[in-house]
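Now for the letters of each chain:
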Amino acid sequence: MVLGSQSEQQGKLIGQVLFYKSVDGITWTFQNCFRMPDVEMIECPDLFQADGSWVLLVSLMGRGMGEEPEHISYGAVVNFDAESGELQADSSTFLPLDAGMDLYAAQTMKDEQGQNVMLAWVRMPQPIDGEQWIGMYTLPRIVSVRDGRLWYAVHPLVKEQFSISCRPEYFVRGAVRMEAELEVNGRIEIGGYEIKRTGTMLCTDRTNVFPKDAERWLRKTQSRLSGGRCRLEIYVDHGIIEIFVNDGEMVITQVVYGMQGTFCCENVKSLCCWKCGELE
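Below: a short report on this structure. Just so it is clear, the structure is predicted and the values come from calculations on it, not from any experiment. (Residues numbered from 1 in each chain as written. Predicted model: local features only at pLDDT ≥ 70, side-chain atom pairs only at ≥ 80, totals over all residues. Heavy atoms only, no water.)

Focus: the side chain of E233
Okay, step 1: Tracing the chain through its elements places E233 in strand β19 (residues 231–237).
Okay, step 2: Separated by 3.3 Å, the side chains of E233 and R177 make a polar contact. (Helix = DSSP H or I, 4+ residues; strand = E, 2+ residues; numbered from the N terminus. Polar contact = N/O pair within 3.5 Å; in protein donor to acceptor, adjacent residues only side chain to side chain.)

Structure below.
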């Protein structure tokens, strides 16, 4: 059992993960503890193996800086001894699971192929206009390890739902999947949400489609591309945009409000679009 917790040391709260073992699921024996002194609390830990490596996902409270959200999901490749429950990792190696900074409480499960499929809670500052619910889930993502770092690609079964060719403007009437490749200074605007490539940086801006009075929510993101390509797989639905960059090298997921039926692009090498047949 992997349990998120906290302890108090010299008047300071420290986040920790506790490891227990049991032979019957009733009586549990404490094994070990992994602490992260730079956070107040660790929630929703998830420890699993991917591509021969151990991976730990954690949701950290109290790590945000400045205008960033305080509570974000992070992940890292770690060293773990299942026999002793000893986990070794530098807290600085834990990176946000998603550059949009709206995700929390990420958890994985196995699919029929044995792949690690992750879902996470997408937080919202307020309900969508005309709706009573608040908060939603991401699309299922496959977590893998490449060159010692985590990748998050959308599950292939998701792509199969988007089979009907359409125009990008169709997003105002249903879920849409887009594929695009941006050149340098390339730009896509979807209903007021902007995606732009500036040199080696990929930038997004949801200022025009986000509540102005919501504090400590990122409106703009800026992420460095590791190579020369900027291939995007974009999923747009009512109230959310999920952008998978270079087959899962990084993902940008953000809640949006009041998107308009507008679409434009500049310096886009290629663009194609499908709508979800299940919504017909």
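So, next bit.
Observations concerning the packing of aromatic side chains
Okay, step 1: If you walk through the whole model with that rule in mind, you get nine aromatic pairs.
Okay, step 2: Taken together, a centroid distance of 5.6 Å and an interplanar angle of 75° make the contact between Y20 and F30 edge-to-face. Taken as a pair, Y20 in strand β2 (residues 12–21) and F30 in strand β3 (residues 29–36) lie far apart in primary sequence, 10 residues in all.
Okay, step 3: Under the relative-accessibility criterion, Y20 is labelled partly exposed at 22%. (Phe/Tyr/Trp six-rings, centres within 6.5 Å; stacked < 30°, edge-to-face > 60°. Buried < 20%, exposed > 50% of the residue type's maximum accessible area, 1.4 Å probe, protein only.)

So, unusual backbone geometry
Okay, step 1: In this structure, M101 is a non-glycine residue whose phi angle is positive, near 65°.
Okay, step 2: Topologically, M101 is positioned in the loop between β8 (95–96) and β9 (103–110).
Okay, step 3: M101 gets classed as buried once you look at its relative accessible area, which sits at 10%.
Okay, step 4: In this structure, N267 is a non-glycine residue whose phi angle is positive, near 50°.
Okay, step 5: Along the chain, the position of N267 falls in strand β22 (residues 263–276).
Okay, step 6: Its relative accessible area of 45% is what places N267 among the partly exposed residues.

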